[in-house]
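Structural overview
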Amino acid sequence: NAGVTQTPKFQVLKTGQSMTLQCAQDMNHNSMYWYRQDPGMGLRLIYYSASEGTTDKGEVPNGYNVSRLNKREFSLRLESAAPSQTSVYFCATSLHARSYNYGYTFGSGTRLTVV
Amino acid sequence: KQEVTQIPAALSVPEGENLVLNCSFTDSAIYNLQWFRQDPGKGLTSLLLIQSSQREQTSGRLNASLDKSSGRSTLYIAASQPGDSATYLCAVTKTGANNLFFGTGTRLTVIP
């Protein structure tokens, strides 16, 4: 009963390096999201996938790309990491993007430092 | 856009006290509101979800209320315990949008 699994949990990158954050869910949810959390700014949406085969930009998409590989997996890619991308990244899922009855489930996060 | 505000930013109370955390949002056209708990260095744990048609939800010592017309929600914690120490986040949807909008949280410390 894993729920939402994020890998890796911690990562240190040098400026200009690339990496992919992985998210997998076993909840059979249709919608998946990537948020970043920065001190004093709350959680902000980077990208989301309302359903398999679709992706859309959120509030802070610059410098990121995403892939909805299948219904279970949603990855976030940093092509050329910058110190401003130092943050904690959370993947979340929901049964449907616009639902009265269902809430969101979050993974445990990836702590990324770009030096 | 949906703006979410949580007051106070930090709260310290002695063990056993009842307390209220506040959340306000600017757009009352919502699907639902969710309260989360976040422990230091950890992910978000969902506490309560209130649908837009509901007034309150209860889980154990927690009670969350929703006044959609005024754009307000409160999280009531009864008989607080040191284990309740964490940051509490309020998150709201917005009709027509596909994501949650978060407040910056209230950091709660319960002193033994």
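The structure this text deals with has already been given above.
The text that follows walks through the structure, step by step, so that each part is easy to find. (Residues numbered from 1 in each chain as written. Chains lettered and ligands numbered in written order. Predicted model: local features only at pLDDT ≥ 70, side-chain atom pairs only at ≥ 80, totals over all residues. Heavy atoms only, no water.)

1. A few points about the pairing of strand β1 (residues 4-7) of chain A
Residues and elements named next belong to chain A. Burial along β1 is one-sided: Val 4 and Gln 6 are buried, while Thr 5 and Thr 7, pointing the other way, are not. One ladder, built from four bridges, connects β1 with strand β3 (residues 19-25); its direction is antiparallel. Residue pairing for β3: Thr 5 is matched across the bridge by Ala 24. (Buried < 20%, exposed > 50% of the residue type's maximum accessible area, 1.4 Å probe, protein only. Helix = DSSP H or I, 4+ residues; strand = E, 2+ residues; numbered from the N terminus. Pairing = 2+ DSSP bridges.)

2. Looking at the state of the cysteines
In this structure the tally under the stated criterion is two disulfides over all chains. In this model A:Cys23 forms its disulfide with A:Cys91; the gap between the sulfur atoms is 1.9 Å. Handedness of the A:Cys23-A:Cys91 disulfide follows from its S-S torsion of about -70°: it is left-handed. Here A:Cys23, found in strand β3, pairs with A:Cys91, found in strand β9 (residues 87-94); they are 68 residues apart in sequence, far enough to count as distant. Note on accessibility: A:Cys23 and A:Cys91 belong to one class, buried. Disulfide pairing places B:Cys23 opposite B:Cys90 at an S-S distance of 2.0 Å. Judged by the sign of its S-S torsion, about -55°, the cystine formed by B:Cys23 and B:Cys90 is left-handed. Taken together, the residues span a long stretch of sequence, with B:Cys23 in strand β3 (residues 19-25) and B:Cys90 in strand β9 (residues 86-92) at a distance of 67 residues. (Disulfide = S-S within 2.5 Å.)

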